[in-house]
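Spelled out, the chains give:
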Amino acid sequence: MGGSESKGSSELQVFTLTETQRLQSKYEKLCKSTKSFQEGLAPLSAGLSGNLYQYISHIPTPHAHHKHKQGVSLHQFQVFAAHLLKGTFEEKAAIFCGMKNSRELSMAEVCELLSGLLEVYMHYVTQLPHWQGIHTMRTSAEGNQRFVSYLTKGLTGGAGGEKFSVGDVETWMSRTPHLMNLFDTVSAALFQFDSVGEILENLAAMVPVPVFPSHRGEAVLSVLDQNSVLYLNYNLPSMHQSEWRLLFSNTVFGDSFSQLVTNITNQGPTLLVLRDKRGHLFGGVAADSWQCRAKFYGSSSCFLFTLSPHYGIYTPTMYNENFMYLNQGQTTLLNGLGMGGQMDYFGLWIDSNFNHGHSKAKPKCTTYGSPQLSAEPEFEVDVIEVWALGPEKREEGDSDEEGEKTVKKSILQGNTESKAMLELIGKTQASEGFRELEDEEEEQTEEMKRKMNTIPKLL
């Protein structure tokens, strides 16, 4: 099998002079033989790297007499690098197929190839310092299969449904951004021209891996595995990808709904992940701060997701705006945390007794278009984690010393049920709008007293 035709030296102008020099150095180290190529590309499997070497050796070149004994010339390597690192979808699709030494692949071959690339991807990504604040579950073979199934979901075509051509792979790549992120990251890591430190620095910019601050000085033991973290973070808005901060885990705080509410309210965007007793892993991303209210609220940036037994993201259908719901300690209102659907029929619900919830969708949740997320419509909670998304924001005027500022409360602030009932009938607290003004007036009065006390001393 051969590579795509060379377009001449003009094709190599995509590289700077420094890159060209480093590329030649990389060539001298890698391309002495098939063995040196395989050893230099570890942790890529010997089979895939061997096929890749053969692919490069068949790239048409006018400088055949400059080849090494095993058959790869500098020009061929330069053309290959241009296609791999800075090429089109078509050129990258040809290389993808070339890693299995063919221009047509079966689904089994595609999955095998993706598993090999995923192994390289995780090898480099898990070396990033971002992971130091979290102990994720190591991704199992079954977990890798689920991730591969998610990536191949958009692969269609095939000759008679059996083989996928370079054109089919090209279309798949162009429609699957997460696949291209994986492919380009592995390509950059294996064929970059920089030092190991520069590789990791470049990867940190390419791969959306969140920083995990430690909790109480120790790394967090999470129910999430590495693939799940990368999958979820990839699907978050870029402004929320930089950092995850643990707000609540029942493995840390106990099975307490009150603790859950206390720790997650007014914390900005959050990610909730839940595992039921049957092993299904699912949750939701709340784009707005959790607050106890008498009705649904939130925005269309919220979504639900599943991680096991399969990956899935479910975004709003706009059929209704029942994005988020939270209440506690009310005698006249439903108490618990919910996302999507309607009262007593949520897409995701955690009851205020904490240990039970439901996910009802026949056939789908009206708000998010999601199927049933849990193993059974009614489920028992095993693990709940809630993460704040993005770095913690300090409010303007925040003091470093707690209690320096005392905020006046209205009579309704201590009575959450009365406040909820007012909200339910469309009324708001008039006093809330005046509290800030009252604080300003008090500050002005104190300042005036200070000045008046100073006048006699000056006379």
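Residues numbered from 1 in each chain as written. Predicted model: local features only at pLDDT ≥ 70, side-chain atom pairs only at ≥ 80, totals over all residues. Heavy atoms only, no water.

Under an unreviewed UniProt entry, the name given to the protein is MTOR-associated protein MEAK7, and the organism recorded is Crassostrea virginica.

### What to know about the packing of aromatic side chains
A ring pair, where both rings are aromatic, is described by two values, the distance of the centres and the angle of the planes. To keep it simple, the criterion reads: In this analysis, rings of Phe, Tyr and Trp, with Trp reduced to its six-membered ring, are considered paired at centre separations within 6.5 Å, and the interplanar angle assigns stacked below 30 degrees, edge-to-face beyond 60, and tilted for intermediate values. Where helices and strands are cited, they refer to DSSP runs of H or I of at least four residues and of E of at least two residues respectively, numbered from the N terminus.
Scanning all chains against the criterion turns up 26 aromatic pairs. Ring geometry for F37 and F191: centres 6.3 Å apart, planes at 45°, overall tilted. With a gap of 154 residues between them, F37 in helix α2 (residues 34-40) and F191 in helix α9 (residues 177-191) connect regions that are remote in the sequence. Ring plane angle 70° and centroid distance 6.1 Å describe the contact between F248 and F354, whose orientation is recorded as edge-to-face. Of this pair, F248 sits in strand β5 (residues 244-249) while F354 sits in the loop between β12 (345-351) and β13 (356-358), and the two are 106 residues apart along the sequence. Clustering of aromatic rings is evident, with ring pairs tying together Y27, F37, Y53, F77, F80 and F191.

### A look at helix α13 (residues 257-264)
Spelled out, the test is: Each residue is assigned to one of three classes by its accessible area relative to the maximum for its type, calculated with a 1.4 Å probe on protein chains only: buried under 20%, partly exposed between the two thresholds, exposed over 50%. Note on contacts: a residue pair qualifies if any of its non-hydrogen atoms lie within 4.5 Å across the two residues.
Along α13, the residues that are buried comprise F257, L260, V261, N263 and I264. Against β5, α12 (250-253), β10 (325-327), β11 (336-342), β12 and β14 (378-389) lie the buried residues of α13. Trailing α13 by a residue or two, N266 shows a phi angle of about 55°, which is positive.

### Here's the deal with the side chain of S57
Using the following cut-off: Residues adjacent in sequence count toward polar contacts only when both atoms are side-chain atoms; beyond that, a polar contact is any pair of N or O atoms within 3.5 Å, and within protein one must be able to donate a hydrogen and the other to accept it.
Residue placement: S57 occurs in helix α3 (residues 46-57). The buried category is assigned to S57, whose relative accessible area is 12%. Among the polar contacts listed, one links the side chain of S57 to the backbone oxygen of Q54, at a separation of 2.7 Å.

### Considerations on the confidence of the model for the protein
Regions with low pLDDT should not have their predicted coordinates read in detail. The cut-off we apply is this: pLDDT expresses, on a scale from 0 to 100, how confident the predictor is about each individual residue.
Looking at the protein as a whole, the pLDDT averages 83, with 78% of positions reaching at least 70. When the criterion is pLDDT under 50, residues 399-414 qualifies, and its contacts beyond four places in sequence or with other chains add up to 20 contacts.

### Looking at the pairing of β5
Test applied: Here a strand pair is declared whenever DSSP counts at least two bridges between the two strands.
Where burial is concerned, most of β5 is hidden: six out of the six residues are buried. Where β5 lies against β14, five bridges are found, and the strand directions are antiparallel. Paired with F248 across the bridge in β14 is V386.

### Some details on the packing of helix α7 (residues 141-151) against α9
When two helices pack together, their arrangement is given by the angle between their axes and by how far apart the axes lie. Formally: Between N-to-C directions, angles cover 0 to 180 degrees, with each direction set by a line fitted to C-alpha atoms, over the stretch in contact for helices. Note on angle classes: values under 35 degrees are labelled roughly parallel, values over 145 roughly antiparallel, values of 65 to 115 roughly perpendicular, and the remainder oblique. Ten residues, namely Ala, Val, Leu, Ile, Met, Phe, Trp, Tyr, Cys and Pro, are considered nonpolar, four, namely Asp, Glu, Lys and Arg, are considered charged, and the remaining ones, Gly among them, are considered polar.
At their nearest, the axes of α7 and α9 sit 9 Å apart, and the two run at 120° to each other. Judged by the angle between their axes, α7 and α9 are oblique. Here α7 contributes F147, Y150 and L151 to the contact with α9, which in turn contributes H178, L179 and L182. Along the lines of polarity and charge, the residues of the contact of α7 with α9 split into five nonpolar, one polar and no charged.

### Quick look at the environment of N355
Relative to the helices and strands, N355 resides in the loop between β12 and β13. For the pair formed by N355 and I384, sequence separation is 29 residues and the distance between their alpha carbons is 9.9 Å. If we ignore the near neighbours within four places in the chain, the residues touching N355 are D255, F379, E380 and V381. Within the structure, the side chain of N355 is placed 3.4 Å from the side chain of D255, a separation counted as a polar contact.

### Overview of unusual backbone geometry
Cis geometry marks the peptide bond from A42 to P43, where omega comes out at 20°. With respect to the helices and strands, P43 occurs in the loop between α2 and α3. Note that the residue after K362, namely P363, is joined by a cis bond; omega there is 0°. With respect to the element layout, P363 can be found in the loop between β13 and β14. Positive phi outside glycine occurs at N101, with the angle close to 60°. Summarising the element assignment, N101 is placed in the loop between α5 (89-98) and β1 (104-105). With a phi angle near 55°, N266 is a residue other than glycine that sits in the positive phi range.

### Details of the pattern of salt bridges
Under the convention used in this document: Salt-bridge detection follows one rule: a side-chain nitrogen of Lys or Arg within 4 Å of a carboxyl oxygen of Asp or Glu.
Enumeration over the complete set of coordinates arrives at nine salt bridges. K360 is the salt-bridge partner of E378, the closest N and O atoms lying 3.4 Å from each other. Taken together, the residues E378 in strand β14 and K360 in the loop between β13 and β14 connect sequence positions 18 residues apart.

### Thoughts on the environment of G167
With respect to the helices and strands, the residue G167 is situated in helix α8 (residues 166-175). For G167, a relative accessible area of 35% corresponds to the partly exposed category. In sequence terms G167 and A94 are 73 residues apart; their C-alpha atoms lie 8.6 Å from each other.

### Digging into α7
When α7 is considered as a whole, its buried residues turn out to be G143, R146, F147, V148 and L151. On its buried face, α7 is in contact with α6 (107-125), α8, α9, β4 (220-225), α11 (226-234) and β8 (303-308).

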